[in-house]
Amino acid sequence: AAYAIADMLTGTHIASPAMEDQVRDLTAGIPEGDHDAGARAIFRWGNDEVEEGEGLDTPASYIFEDRMGMRVRLLYALLVEAGLHPELWAVRSAYADHTVSDVADMDVYTQLAVRLGDDWLVPGVDGQPYGLLPPSMRGEDAVRILPEIGRGKTAPASFFDDGISRKLSVVVHPDGTSSAVLTDTFRGMPGAIVRAGLREMEASDVEMQMEGSYLAFLFNGATMTGFVLPDLESDSSEVEIEIAFDMPPAPGPLPGTVSLGPFLKTRLSQAWTSLPARVFPLLVDEPTNVSVEVDIDTGGMWDVFQPPVPSTHLSTPWGGSFDQSFAKSGESWTLERKLSMPAGRVSPEEYPALLDFATRVDESEGAVFILVPNPMALPGK
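Just so you know, these numbers come straight off a predicted model, no measurement behind them. (Residues numbered from 1 in each chain as written. Predicted model: local features only at pLDDT ≥ 70, side-chain atom pairs only at ≥ 80, totals over all residues. Heavy atoms only, no water.)

Undergrad: Lay out helix α6 (residues 189-200) with the relevant residues and their values.
TA: The end-to-end C-alpha distance of α6 is 17 Å, a good match for the 16 Å that 12 residues give at a rise of 1.5 Å each. For α6, every residue scored as buried is listed here: M189, G191, A192, R195, A196 and L198. Residues of α6 that are buried sit in contact with β9 (178-187), α7 (206-218) and β11 (238-247). (Helix = DSSP H or I, 4+ residues; strand = E, 2+ residues; numbered from the N terminus. Expected span 1.5 Å × (residues − 1). Buried < 20%, exposed > 50% of the residue type's maximum accessible area, 1.4 Å probe, protein only. Contact = heavy atoms within 4.5 Å.)

Encoded structure:
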């Protein structure tokens, strides 16, 4: 099948004069030996200026003229024209049949990627960073189609840094209201998806969407007081969003007490364990890597009557882990949490362990802070 595809693609990657001009324009001003910079410029143009479409055997020159088609094939042709010696690979999808076979069935190897040196290049969401391979293509078997037939594997998941870091700073006022600043940092594929989503919004709508769809989902009754928009044109694989907001007091279970939280739940059960049991394996098609730090400054006016469970450690046999800790320093209280779950297949026999893990993670993340007035901070004390 690989030979058949290679034969079918013969002559389809010849650059037209317009493609030659485009490569010269994209690499103009780049030192002749700086192949990395040239490849990055070509990738960025192809990723952002060409719309994804069909046509495995469509000539690359047609894709270029229409600005629509299989972008990965146009990318291969442009890199060849630039003299950078790329390779075109067919990659098995994580969603495909994983039965072991010596035959490279092209109904299984359904995704195309360009390899240039150690980098795997797949045009994706608008503004996607160079060399960022989708989770469904990581550590998978692959067949080289061009320039010659070969077999190999794509870069493993450990090669990529996908994750979300969340920092929440809360100041509790004497009347029980709170002011807070949330800083969310998205890395790798989450960063690419967030950046693409923000770039698709009208600039005038970004703040309204962030308050109505994002902040309101995380914190009931929150009112946004400030918003820092990241540089959406950056090629960085990291995106940072900062939101300042106020929260109304939430009454606690006892008179005079205030309830805070739960904060920044990942809702793991909703994502992966909606069924009580499974007959077929569960495909976890994207990794989860989230760290959370919540700092609560009570200003000495409040004491924490009921903190979350002090320390929690959970794990799974296949590498998932959850850690949560809680500590006091002066007038501040800090909650730290880390959740990691790799992508992969969970067998029906392993599924009960995942169900238990997800349930216990959700329970731990659901903890709240109950604050009581500090009698020593009252007037005259």
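Having seen the model, we can carry on.
Undergrad: So what's going on with the sheet that holds strand β15 (residues 302-306)? Residues and values would help.
TA: One open sheet holds the three strands; their spatial order is β12-β20-β15, and the pairing between them is antiparallel. Looking at the sheet topology across the chains shown, the edges are occupied by β12 (258-260) and β15. For this sheet the average axis-to-axis angle between neighbouring strands, irrespective of direction, equals 40°. Two strands pair when backbone bridges link them, and β12 and strand β20 (residues 369-373) are joined in this way by three bridges, in the antiparallel orientation. Counterpart to V258 in the pairing with β20 is L371. (Pairing = 2+ DSSP bridges. Axes fitted to C-alpha atoms, helices over the stretch in contact; angles between N-to-C directions.)

Undergrad: Which residues make up the environment of D285, and what are the values?
TA: Tracing the sequence through the fold places D285 in the loop between β13 (282-284) and β14 (288-297). Along the backbone, D285 and S234 are 51 residues apart, and their C-alpha atoms lie at a distance of 27 Å. Residues in contact with D285, not counting those within four places in the same chain, are Y95, P135, S136, W272 and A343. Polar side-chain contacts of D285 include one of 2.6 Å to the side chain of Y95. (Polar contact = N/O pair within 3.5 Å; in protein donor to acceptor, adjacent residues only side chain to side chain.)

Undergrad: Which residues make up the pattern of salt bridges, and what values go with them?
TA: Evaluated as defined, the whole model comprises 18 salt bridges. For R199, the salt bridge is made with D126, and the minimal N-O distance between the two is 3.6 Å. Of this pair, R199 sits in helix α6 while D126 is found in the loop between β5 (119-121) and β6 (141-146), placing the two residues 73 residues apart along the sequence. Classification of D126 by relative accessible area gives partly exposed; the value is 26%. (Salt bridge = Lys/Arg side-chain N within 4 Å of Asp/Glu carboxyl O.)

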